[in-house]
Amino acid sequence: MASLVYLDGEWIEGNPPALGAGALATWLGSIVFDGARAFEGTIPDLDLHCRRTVDSAAAMNMNSPISADEIERLAREGVSKFPDNAQLYIKPILWAEEGWIYPDPDSTRFMLHIFEAALPEPSGMSICISSYRRPAADQAPTNAKAACLYPNAGRALKQAHDKGFENAVMLDPEGMVAELATSNIFIAKDSVAITPVANGTFLAGITRRRVMQLLRAAGEMVEEAVVSVDDLQGADEIFSTGNHAKVVPITRIEDRDLQPGPLFKKARQLYWDYAHGR
């Protein structure tokens, strides 16, 4: 079983049809989702991902028909249907069926998609600077994990792939570093971990926040700051945090090669220890 969906009170294998042609979400993009991970017998921060799903719906003027606690319960039930060693992506989805341009909040529906997805190895990632930018908070629903935000990130990622890189650095409307196309970004400079300040142009991720907390608790200096492209280019090390790959090193930026550094290694080990309750 590679894919399991909870929809309308039942678990269904595969990819069942759910959104019709007349659904507002299909037509005008009123849909949010979230992502959590099950791996090595653990599901770190599942409760936070479920809460963010409900919050994202509210930010898009939708009323979730299900509580965050119930989403978490269903997610754990679904994960239990897979083999113990399965590496899984857990994707709760909320979407609007009715409305005119904006949703009828009480038409919101829910489904939960759990599927096998290998956790990438921390072998290193190459990145380049994208010409596509993250929008300001008054230009898009940047406070939600909304599907409508991802086509522009997809354009940045495709641009990077066409240039021979694996991911793209997206700048904010002021030309400062926001995040990667698919995850948040950290740099290390003079033994200080620095991540772009959460300025409303990107989703400050759950894994990002957890890594900041873990590093600080371990005695490391962590700062949120305005990060320029020059800062990125001059960093001692760069790494990424996000749900899909968790904590991975960046080993090339444009034409400069880097090595996985001590702060990356510590962040990854601390996160793995946290995830496993150590």
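Preceding this section is the structure that the text describes.
Not measured: the values here are computed from a predicted model. (Residues numbered from 1 in each chain as written. Predicted model: local features only at pLDDT ≥ 70, side-chain atom pairs only at ≥ 80, totals over all residues. Heavy atoms only, no water.)

Draft legend 1. Structural detail: the overall build of the protein chain. Helix and strand content of the protein chain: seven helices and 17 strands. The C-alpha atoms of the protein chain give a radius of gyration of 19 Å, which matches the 19 Å a tight globule of 278 residues would have. Taken across its 278 residues, the protein chain has 53% of its residues classed as buried. A fraction of 70% describes how many contacts in the protein chain between residues 6 or more apart in sequence connect residues 24 or more apart. (Helix = DSSP H or I, 4+ residues; strand = E, 2+ residues; numbered from the N terminus. Rg over C-alpha atoms; globule rule 2.2 N^0.38 Å. Buried < 20%, exposed > 50% of the residue type's maximum accessible area, 1.4 Å probe, protein only. Contact = heavy atoms within 4.5 Å.)

Draft legend 2. Local environment of a nonpolar patch on the surface. Among the surface-exposed residues, W27, L28, W100, I101 and Y102 lie close enough to one another that they form a single nonpolar patch of about 650 Å² accessible area. With respect to the secondary-structure elements, W100 resides in strand β6 (residues 99-100). Under the relative-accessibility criterion, W100 is labelled exposed at 59%. (Patch = residues over 30% accessible without salt bridge, like charges linked within 9 Å, V, L, I, M, F, W, Y side chains within 5 Å. Areas by Shrake-Rupley, 256 points an atom, 1.4 Å probe, with all protein chains shown as cover. Salt bridge = Lys/Arg side-chain N within 4 Å of Asp/Glu carboxyl O.)

Draft legend 3. How the structure looks around the pairing of strand β5 (residues 88-96). Burial analysis of β5 places eight of its nine residues in the buried class, the great majority of the element. Two elements, strand β3 (residues 31-33) and β5, share three bridges in a ladder whose sense is antiparallel. Note on β5: the bridge partner recorded for V32 is L94. The pairing of β5 with strand β8 (residues 108-116) spans nine bridges and is classified as antiparallel. Residue pairing for β8: L88 is matched across the bridge by E116. (Pairing = 2+ DSSP bridges.)

Draft legend 4. Up close: the packing of aromatic side chains. Tallying each qualifying case throughout the model produces nine aromatic pairs. Against the face of W272 rests R268, its NZ or CZ located 4.1 Å from the ring centre. (Phe/Tyr/Trp six-rings, centres within 6.5 Å; stacked < 30°, edge-to-face > 60°. Lys NZ or Arg CZ within 6 Å of the ring centre and 35° of its normal.)

Draft legend 5. Examining the nonpolar core more closely. The biggest cluster of nonpolar side chains holds 33 residues, and the ones touching the most others in it are I90, F110, L112 and I114. At the level of secondary structure, the elements contributing two or more residues to this core comprise β1 (3-7), β4 (36-38), α2 (46-59), α3 (68-79), β5 and β8. Apart from the residues within four sequence positions on either side, I114 is in contact with A2, S3, L4, W11, A75, G78, V79, F82, L88, Y89 and I90. Ranked by size, the runner-up nonpolar core spans 20 residues in total, among them M125, I127, I129 and L258. (Core = buried A, V, L, I, M, F, W, Y, C linked by side-chain atoms within 4.5 Å.)

Draft legend 6. Up close: the pairing of strand β16 (residues 246-253). Where burial is concerned, most of β16 is hidden: six out of the eight residues are buried. One ladder, built from three bridges, connects strand β9 (residues 125-133) with β16; its direction is parallel. Within β16, the residue paired with M125 across the bridge is I250. Linking strand β15 (residues 237-242) to β16, which pair antiparallel, is a turn of three residues.

Draft legend 7. Highlighting the environment of V229. Inspection of the secondary structure puts V229 in helix α6 (residues 229-233). Along the primary structure V229 and V169 are separated by 60 residues, whereas in three dimensions their C-alpha atoms are 9.1 Å apart. Once residues within four sequence positions are removed from consideration, V229 is found in contact with I129, L171 and V177.

Draft legend 8. Quick look at the pattern of salt bridges. Tallying each qualifying case throughout the model produces 14 salt bridges. A salt bridge links R134 to E179; the nearest nitrogen and oxygen atoms lie 3.3 Å apart. Pair noted here: R134 is in the loop between β9 and α4 (150-162) and E179 is in strand β11 (residues 177-180), with a separation of 45 residues, a long-range link. Residue R134 shares its accessibility class with E179, and that shared class is buried. The network of salt bridges with shared partners includes D8, E97 and R109.

Draft legend 9. Molecular detail of the packing of helix α5 (residues 206-217) against helix α7 (residues 262-275). Following both chains from N to C, one finds α5 and α7 inclined at 100°, their axes separated by 9 Å at the closest point. With respect to α7, the axis of α5 lies roughly perpendicular. Residues T207, R210, V211, L214 and L215 of α5 touch α7, and the partners they reach there are L263, K266, A267, L270, Y271 and Y274. Each residue belonging to the contact of α5 with α7 can be placed in one class, and the counts come to eight nonpolar, one polar and two charged. (Axes fitted to C-alpha atoms, helices over the stretch in contact; angles between N-to-C directions. Parallel < 35°, antiparallel > 145°, perpendicular 65-115°, else oblique. Nonpolar A, V, L, I, M, F, W, Y, C, P; charged D, E, K, R; others polar.)

Draft legend 10. Structural view of the packing of α2 against α3. Viewed as axis vectors pointing N to C, α2 and α3 meet at an angle of 130°, and their least axial separation amounts to 8 Å. Taken as axis vectors, α2 and α3 run oblique relative to one another. Judged by the twist between their axes, the crossing of α2 over α3 is right-handed. Only A68, I71, E72, A75 and R76 of α3 make contact with α2, whose side of the interface consists of L46, D47, C50, R51 and V54. Taken together, the residues that form the contact of α2 with α3 break down as six nonpolar, no polar and four charged. (Left-handed = near helix turned anticlockwise from the far one by under 90°.)

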